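Architecture at a glance
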Amino acid sequence: MKAPSTTRRTILRGIGTSITLPFLESLAPRARAATGPATPPTRMAFLFMPNGVHPDRWTPEGTGQDWKASPLLAPLENHRQDLTILSHLQNALADGGDGHYAKSASWLTGFRVRKTTGRDVDVGGPSLDQAYAAQVGHLTRLPSLELGIEPVRKGVDLQVNFTQLYGGHISWRDRHVPLPAEINPRTAFDRLFRERGENDRQTAEDTRSVLDLTLTQAKTLRGKVSQEDQRRLDEYLETIRALETRIQADIARVASGENLDPSLKPELDRLRNRITAFEAAKDPGGQTRLDHTEHARLMLDLIAMAFWADNTRAATFMFGVDVSSKNFSFLPGVSESHHESSHHSDKAEKLEQYARINLWHVEQYAYLLDRLKSMKEGEGSVLDHSMILFGSSLRNGNAHQWKNLPLVLAGRGGNLKPAGHLIQPENTPLCNLYLNLLQRSGLPLERFGDSTAGLSGLG
Amino acid sequence: MRPPAAGFLPLLSLTLLLLTVLRLPAAAGAEATWKEQVWPIIQTYCIDCHDAESQKGGIDLASLQTLPQARAALRLWWRARDQLESGQMPPPKKDQPDAAQKQILLAWIADNENFLRSGKVLDPGERRLRRLNRTEYATALHDLLGVPPELIRDTFAEEGAGGEGFDNVGDTLFIPPVMAEQYLAAAETALIEVFAKPELKARLLFSPPAPERDPATATRLTLARMLRPAFRHTLPEETLAPYLNLAAQRQARGGTWEDGVRLAVKAALCSPDFLLLTESNQSAPLWPVTGPELATRLSLFLWSSVPDAPLLDAAEAGQLQDPAGLETQVRRMLADPRALALARNFAGQWLQFEKVLGADPDRSRYQFSGETRQLLYGEALRFSDHLLRGGGSLLDILSSDYAWLNETLAIHYGIPNVTGPDFRQVPLTNGIRGGALGLGAVLTTTSLPRRTSPVLRGKWILEQLLGTPPPAPPPNVGTILEDDRKITHPTIRQELEAHLRRDDCRACHARMDPLGFALENFDPVGRWREKLNDQVLDTSGTLPDGRHFTGPAELKQILLSEKDRFARNLAVKLLSYALGRSIEAGDLPTLSKLESSLHTTHFQAFPLILEICRSLPFTHRRLTPVPIPSE
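Not measured: the values here are computed from a predicted model.

1. Looking at the overall build of chain A
Helix and strand content of chain A: 12 helices and 13 strands. Across the 459 residues that make up chain A, the buried fraction comes to 63%. For chain A, long-range pairs separated by at least 24 residues make up 72% of all intrachain contacts whose partners lie at least 6 apart in sequence. Element-wise, carbon and sulfur atoms account for 50% of the exposed surface of chain A, whose accessible area totals about 16400 Å².

Spelled out as structure tokens, the structure:
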């Protein structure tokens, strides 16, 4: 079958009606042409919990499918058939330097992070989500989605000589460029689902003429600046091209059909209304002061909806920035802030609070799995076509441990076979897991970060 | 009890004494001194933890083997000196250098500083291409179009920071792929606002087509005026032409004249000429920047925005190269309300009072609301603005006999006889509330949600006011309880005294904790209190050097004796903010001038700011680093 030719005119007409379309078999000419029956795409999401876990309450008893939930994993009981709990994975190159920042920045990259107060920020390579987005990002409205619920900490930690921006970014486009997490649900919603303001041919042409001019100027400028500065200018050129690509992706999707899954529209309306209600609670004069649980759930719902609509296939989410001092006293029995509770000195009362904060995170993860499971797709659910990793860059926060990290993987995307409690040999690189995930998503890689081999045991 | 190793804030006199007693042998060359006397001590006592592999505390001493490398590591030596003198490094459990060895290190650090200060190195430092940060972008859109900055600012995610901790450091201003979309959206938002507000629209479209003015001329006039400050110079024809074309083409596609201009303005707001800060290059080792480039440096420093027409007029007439002309503009700019940006963005980040906008004290225990938040921020902003542009002295940060209050905030603080909603300067009769340590915003952001933290407050004083940050605590040390109702000892104070019983805590906490104890009368939202859990608070403290004080007033007197450190730190912070980069060895001659300006003018802000605007790094540019000679 020959792809329908798309003229510039249809492209421009298309932009205006670009609204969200769920992934439906009827809308997958590309996939169908290649493989016969349409296969829903594989999605990846990585959910970061700062400050580690209560180490004694995490690891389940038993191995394989016979695992017995630990106190912290109890909220995941309903999803046990979809889970792999990974023990003994480590991020060895995150050792040294400081307790937190290097570990969160390298959580998804697996390289050593350069120590710097800001000059020459370098995490060694792109993060896992971006490696995947580089492969499939052009097929969706957004190549990737980065969300969070806590602003990046400004400033430099003078005690350890690290810029705190490392602790606020897990997603790295390349070794030098972090991708900021959007924390405003409205902004994220609009980027993902808004029917573009430019809903006539004229506006589309306007946008294109602006981008064309901008691109020309940037190229001219590039010839005038020093070699050192060209890198920054290339980032700028890249962002202009990214927008052009996104517009193209919108066009391609609209060109492929007009079907809108009727179940999506009311879901989107509900989500929009929740965001409106949530915003109404804003503290005058301050940054948003909101219900933390609802904030987290709105962002997770956005990821779920974005996956369902196939608006993106790679997402990261930060429950907090590293060293987060989020006040968790909204939880019963908790009076501590997050980071402080993680330095529990093995005192029972502090450990208890630490565990409750950990548990809250696991509950939100379970919420996301519930949502993905409820979204029908093909013969199964969106969860069946996703890989959803939850975890932290630390085990025991009190000791800043980087071994035996707390990690749970859910879903069956890329033919993952959930393995229950999967215990690896001690000191297995975390990147072996990442390599496996990328390989089963169709990336012909032999190495990722400090991987030694693809992880076995995931089917 | 072990005698304290050294003063909490090493006394300048001690350093001077050491220098006079112990001169390094003059005969040895600088190279030999470094290699044969200094480096071996570092190798013996420091390198274990601070080699290329471990780099504890982010410090890699192994990279300093050659003398030029060592000379360049100015900031590192400042820290090393502070921690050596106060006995924080090497840590107590490690082998310790003897007194003579310590003195060799300290003498070398002082010698190196004198060497750098002598001006043998003429280096304006590197200035990389960067984008406007989100504050500058929003402020510029406000100044160009009249739209409210907060409408625009929140389009963009919070930015990280680098260098000395400011968000205008080019190294950390990345351009993620989503940025173009955000710029486009922000420009659209701004233009919708402009075209919805008749007064804003009239301001932008000041010369619409008229019988005596054809549309092309009208477009040219409109865009030339709007784009000049946005692009920060008068536009040559080849720069202006594409925007005129864009407007004309838009009209040719069936748009009105307004549609054309609107689209051209939108394109300009997304243009690299507006968004990216670039400067022209020459082949010389270093050169003075052009007038318009200097104007841009000035407007970013003082206004967090683009230049206005009078500044560009002066720049293009060559007046900024003339010291008097420069001073005229600096005076004019500081008098302009736009210069409130200096308090908002420089002081807000340095003193960290902007963090109160995100603070989250437990409202069931402490009196805190959205209004309190605004008042605390407003007080800190007005206080800082008074010091930077009003009649105050920057030394008032350490202690002042006035505060900026309105009625509600005065009630919050328990200060009588202030009526009405307007902030005004209120004289204080005791030494309790004055200075940055009396600002509720600072006291709140250095507290935990459910209790005060003497440690965080002490750390804040050492880091932000005096520029002597303590090293990070070792892992596995834990913290004390966070809810002051659950403290098992009668007071937080007694909990914290555990620090003094542990070798790995004492050296640093003996400096930090007493400072915080003196502020215990301020609760986690800055209100005054005498008691906690029915116990009268003990606000006395003793520093490792034996100096004793009780309560905030006496603490401030101690801080006032640290003027030298405060001046150095202030100079470092303001220069770094002005340059948008971290401070390097080549900046030491400039820093020395700034410090002496502070001392000779009783810490007036204007001479300091002017000195920065005239300084070599602010007025010059280079591409290739200037090597540091050995001798």
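So, next bit.
2. Observations concerning the packing of aromatic side chains
In this description, a pair of aromatic rings is defined by centroid distance and the angle of the planes. Scanning the entire structure with this criterion turns up 33 aromatic pairs over all chains. A centroid spacing of 6.1 Å and a plane angle of 75° characterise the contact between A:F330 and A:W360, whose relative ring orientation is edge-to-face. Taken as a pair, A:F330 in the loop between β8 (314-318) and α10 (338-342) and A:W360 in helix α11 (residues 348-374) lie far apart in primary sequence, 30 residues in all. For A:F330, a relative accessible area of 37% corresponds to the partly exposed category. Residue class for A:W360 comes out buried when judged on its relative accessible area of 2%. Seen from their ring centres, B:W34 and B:W108 are 4.7 Å apart, and the 45° between their planes marks the pair as tilted. Placement of B:W34 in helix α2 (residues 30-45) and of B:W108 in helix α5 (residues 99-117) is noted, with a sequence separation of 74 residues between them. Taken individually, B:W34 and B:W108 each receive the classification buried, so the pair is uniform in this respect. Clustering of aromatic rings is evident, with ring pairs tying together B:F166, B:F301, B:F346, B:W350, B:F566, B:Y577, B:F603 and B:F618. The ring of B:F206 carries the charged tip of B:R225 above its face, separated from the ring centre by 3.7 Å.

3. Describing the pairing of strand β11 (residues 386-392) of chain A
Walk down a regular strand and you will see the side chains alternate between the two sheet faces. Residue and element names in this part refer to chain A. Here β11 lies mainly inside the structure; 7 of its 7 residues are buried. In β11, alternate side chains face the same way, and those of S386, I388, F390 and S392 on one face and M387, L389 and G391 on the other are all buried. Across 7 bridges, the pairing between strand β1 (residues 43-49) and β11 is parallel. Residue pairing in the sheet places F48 in a bridge with G391 of β11. Sheet topology places β11 next to strand β12 (residues 407-410); 4 bridges connect them, and they run antiparallel. Its bridge partner lying in β12, F390 is registered against V408.

4. Considerations on unusual backbone geometry
Cis peptide bonds are those with omega within 30 degrees of zero, and the linkage from B:M89 to B:P90 qualifies with -10°. Within the element layout of this structure, B:P90 appears in the loop between α4 (74-85) and α5. Of note in the backbone geometry, A:V323 takes a positive phi value of approximately 65° without being a glycine. Relative to the helices and strands, A:V323 resides in the loop between β8 and α10.

5. Observations concerning the pattern of salt bridges
For the structure shown, the criterion picks out 68 salt bridges over all chains. A:R191 is the salt-bridge partner of B:E181, the closest N and O atoms lying 3.5 Å from each other. Remark: A:R191 occurs in helix α5 (residues 185-193) and B:E181 occurs in helix α8 (residues 179-196); the pair is interchain, linking two chains. Using a relative accessible area of 11% as the deciding quantity, one classes B:E181 as buried. The salt bridge partner of B:R568 is B:E595, with a shortest N-O separation of 2.7 Å. One end of the pair, B:R568, is in helix α26 (residues 563-579); the other, B:E595, is in helix α27 (residues 588-600), with 27 residues separating them in the sequence. Here B:E595 falls in the buried class, since its relative accessible area comes to 13%. Here the residues in one salt-bridge network are A:R114, A:D120, A:D122, A:R175, A:E228, B:E126, B:R128 and B:D171, joined through shared partners.

6. Re the interface of chain B and chain A
Facing 81 residues of chain B, the contacting portion of chain A comprises 80 residues. Across the chain B to chain A interface the summed buried area is about 7100 Å²; carbon plus sulfur atoms make up 52%. By the criterion of area lost to chain A, the three top residues of chain B are B:E158, B:F174 and B:E181, representing 9% of everything that side buries. For the interface between chain B and chain A, the tally reads 7 salt bridges.

7. Comments concerning empty space enclosed by the protein
For the structure shown, the criterion picks out 8 cavities of 30 Å³ or more. Tallied by class, the residues present in the lining of the largest cavity amount to 10 nonpolar, 4 polar and 6 charged. Considering only enclosed or pocket space, the second largest cavity measures out at about 140 Å³ in volume. For the second largest cavity, the lining is made up of 13 residues, of which A:R231, A:R232, B:R128, B:G170 and B:D171 are closest to its centre. For the lining of the second largest cavity, a count of residues per class yields 3 nonpolar, 3 polar and 7 charged.

8. Structural notes on α5(B)
For an α-helix the count is 3.6 residues per turn, leaving residues at separations of three or four pointing the same way. All names here are of chain B. Its 19 residues place the ends of α5 27 Å apart at the C-alpha level, agreeing with the 27 Å of an ideal helix rising 1.5 Å per residue. Along α5, the residues classified as buried are I104, L105, L106, A107, W108, I109, A110, N112, E113, F115 and L116. For α5, the N-terminal capping position is held by D98, with its side-chain oxygen 3.1 Å away from the main-chain nitrogen of A100. Just beyond α5, the residue with positive phi is G119, at close to 85°.

9. A word on the environment of A:D98
Residues and elements named next belong to chain A. Within the element layout of this structure, D98 appears in the loop between β2 (83-90) and α3 (101-105). The buried category is assigned to D98, whose relative accessible area is 7%. With 61 residues separating them along the chain, D98 and Q159 place their C-alpha atoms 9.2 Å apart. Leave out the neighbours within four places in its chain, and D98 touches K103, V160 and F162.

10. A word on the side chain of A:R141
Residue and element names in this part refer to chain A. Position of R141 among the secondary structure elements: in the loop between α4 (128-136) and β3 (145-148). On the basis of relative accessibility, which here comes to 1%, the residue R141 falls in the buried class. In terms of polar contacts, R141 uses its side chain to reach the backbone carbonyl oxygen of L192, at 3.0 Å.

11. Let's talk about the confidence of the model for chain B
Within chain B, residue pLDDT values average 89, and 93% of them lie at 70 or more. Ignoring residues within four places in sequence, the model shows residues 1-27 of chain B, a span with pLDDT below 50, making 49 contacts including any to other chains.

12. Remarks on the packing of α8(B) against helix α12 (residues 257-269) of chain B
Residues and elements named next belong to chain B. Two elements in contact, α8 and α12, have axes whose closest approach is 9 Å; the angle formed by their N-to-C orientations is 140°. The angle between the axes of α8 and α12 places the two elements in the oblique class. Regarding α8 and α12, the two cross each other, and that crossing is right-handed. Contacts between α8 and α12 pair L184, A187, E188, L191, I192 and F195 from the former with E258, R262, V265, K266 and L269 from the latter. By residue class, the composition of the contact of α8 with α12 is 7 nonpolar, no polar and 4 charged.

13. Structural notes on the state of the cysteines
Going through the model one piece at a time under the given rule, you end up with 0 disulfides over all chains. Of all cysteine sulfurs, the one in B:C49 lies closest to B:C46, which takes part in no disulfide; the gap is 9.1 Å.

14. Considering the environment of A:Q164
All names here are of chain A. By the element assignment, Q164 lies in the loop between β5 (162-163) and β6 (172-174). The exposure class assigned to Q164 is buried, which follows from its relative accessible area of 10%. C-alpha of Q164 to C-alpha of T116: the two residues are 48 residues apart in sequence and 9.8 Å apart in space. Setting aside residues up to four positions removed in sequence, Q164 forms contacts with Y101, R153, K154, G155, V156 and D157. Of note is the side chain of Q164, whose polar atom sits 3.4 Å from the side chain of Y101.

15. Some points on the side chain of B:H50
Looking at where B:H50 falls in the secondary structure, it is placed in the loop between α2 and α3 (67-72). Those residues in contact with B:H50, other than ones at most four positions away along the chain, are B:Q55, B:K56, B:I59, B:D60, B:L61, B:A62 and B:M89.

16. So, the environment of B:W257
Residues and elements named next belong to chain B. In this structure, W257 sits in helix α12. By relative accessible area, W257 is classed as buried at 11%. Sequence-distant contacts of W257, that is, excluding residues within four places in its chain, are made with L205, S207, P208, P209, P215, A218, T219, T222 and Q251. Reaching out from W257, the side chain makes a polar contact with the side chain of T219 at a distance of 2.9 Å.

Here is what the cut-offs are and how they apply
- Residues numbered from 1 in each chain as written.
- Chains lettered and ligands numbered in written order.
- Predicted model: local features only at pLDDT ≥ 70, side-chain atom pairs only at ≥ 80, totals over all residues.
- Heavy atoms only, no water.
- Helix = DSSP H or I, 4+ residues; strand = E, 2+ residues; numbered from the N terminus.
- Buried < 20%, exposed > 50% of the residue type's maximum accessible area, 1.4 Å probe, protein only.
- Contact = heavy atoms within 4.5 Å.
- Areas by Shrake-Rupley, 256 points an atom, 1.4 Å probe, with all protein chains shown as cover.
- Phe/Tyr/Trp six-rings, centres within 6.5 Å; stacked < 30°, edge-to-face > 60°.
- Lys NZ or Arg CZ within 6 Å of the ring centre and 35° of its normal.
- Pairing = 2+ DSSP bridges.
- Salt bridge = Lys/Arg side-chain N within 4 Å of Asp/Glu carboxyl O.
- Buried area = accessible area lost by both parts, 1.4 Å probe.
- 1 Å grid on protein atoms, 1.4 Å probe; cavity = no way out; pocket = protein on both sides within 12 Å on 5 of 7 lines; lining within 4 Å.
- Points joined across faces, edges and corners; volume = space filled by probe spheres on them.
- Nonpolar A, V, L, I, M, F, W, Y, C, P; charged D, E, K, R; others polar.
- Expected span 1.5 Å × (residues − 1).
- Polar contact = N/O pair within 3.5 Å; in protein donor to acceptor, adjacent residues only side chain to side chain.
- pLDDT = per-residue confidence, 0-100.
- Axes fitted to C-alpha atoms, helices over the stretch in contact; angles between N-to-C directions.
- Parallel < 35°, antiparallel > 145°, perpendicular 65-115°, else oblique.
- Left-handed = near helix turned anticlockwise from the far one by under 90°.
- Disulfide = S-S within 2.5 Å.

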